[in-house]
Amino acid sequence: MSCEYYQRFNHSQKERYICVYPAYVNAKKTRASGRKLPKNQCVDNPSAQEIRDVCVSAGMMLAVDAKFYPRELDKDPQRKGRIRIQLRNDDGTPYMPLFPNRQTILQHIAETIPKLKTRQQGGKGASADPGAIGKDKKGKGKKKR
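Residues numbered from 1 in each chain as written. Predicted model: local features only at pLDDT ≥ 70, side-chain atom pairs only at ≥ 80, totals over all residues. Heavy atoms only, no water.

Draft legend 1. Structural detail: the pattern of salt bridges. What the rule picks out here adds up to four salt bridges. Asp65 is the partner of Arg82 in a salt bridge, and the nearest nitrogen-oxygen pair spans 2.8 Å. In this pair, Arg82 sits in strand 3 (residues 82-85) while Asp65 sits in strand 2 (residues 62-65), placing the two residues 17 residues apart along the sequence. A residue is classified by how much of its surface remains accessible, and Arg82, at 14% relative accessible area, is buried. (Salt bridge = Lys/Arg side-chain N within 4 Å of Asp/Glu carboxyl O. Helix = DSSP H or I, 4+ residues; strand = E, 2+ residues; numbered from the N terminus. Buried < 20%, exposed > 50% of the residue type's maximum accessible area, 1.4 Å probe, protein only.)

Encoded structure:
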């Protein structure tokens, strides 16, 4: 069945582009929750916008979808976004010789996001946790009988 599906589409059609979710390069995720690279190569809380900026600057052909990652439990609009990237030409050769496979694209994204201007200037919400305010108070425990 999957062979028939792929025969209907060329590599240049968006249905054949590879999907990249921010969770793939998020250092705060585990492998089980979707991280694809080793933790030391990943970035803290990347956004779909940052991934798009990196891919556009590298000259990749891409499409942006407003989709959530299926393993993401928190459906926060900040986490919304899927980037579809063209990996191959219609004849099967890599679209960009620098990025012959999915792994090299993910590594490039993870290496380049920390160099973005938004990350250099402190970025918006890159390391700040808005829910952490007021969590240092200790609650009352159970009463002993």
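What follows continues from the structure just given.
Draft legend 2. Looking closely at the environment of Gln41. Among the structural elements, Gln41 can be located in the loop between strand 1 (18-20) and helix 2 (48-58). On the accessibility criterion, Gln41 (35% relative accessible area) is partly exposed. Sequence separation between Gln41 and Asn26 is 15 residues; the distance between their C-alpha atoms is 9.4 Å.

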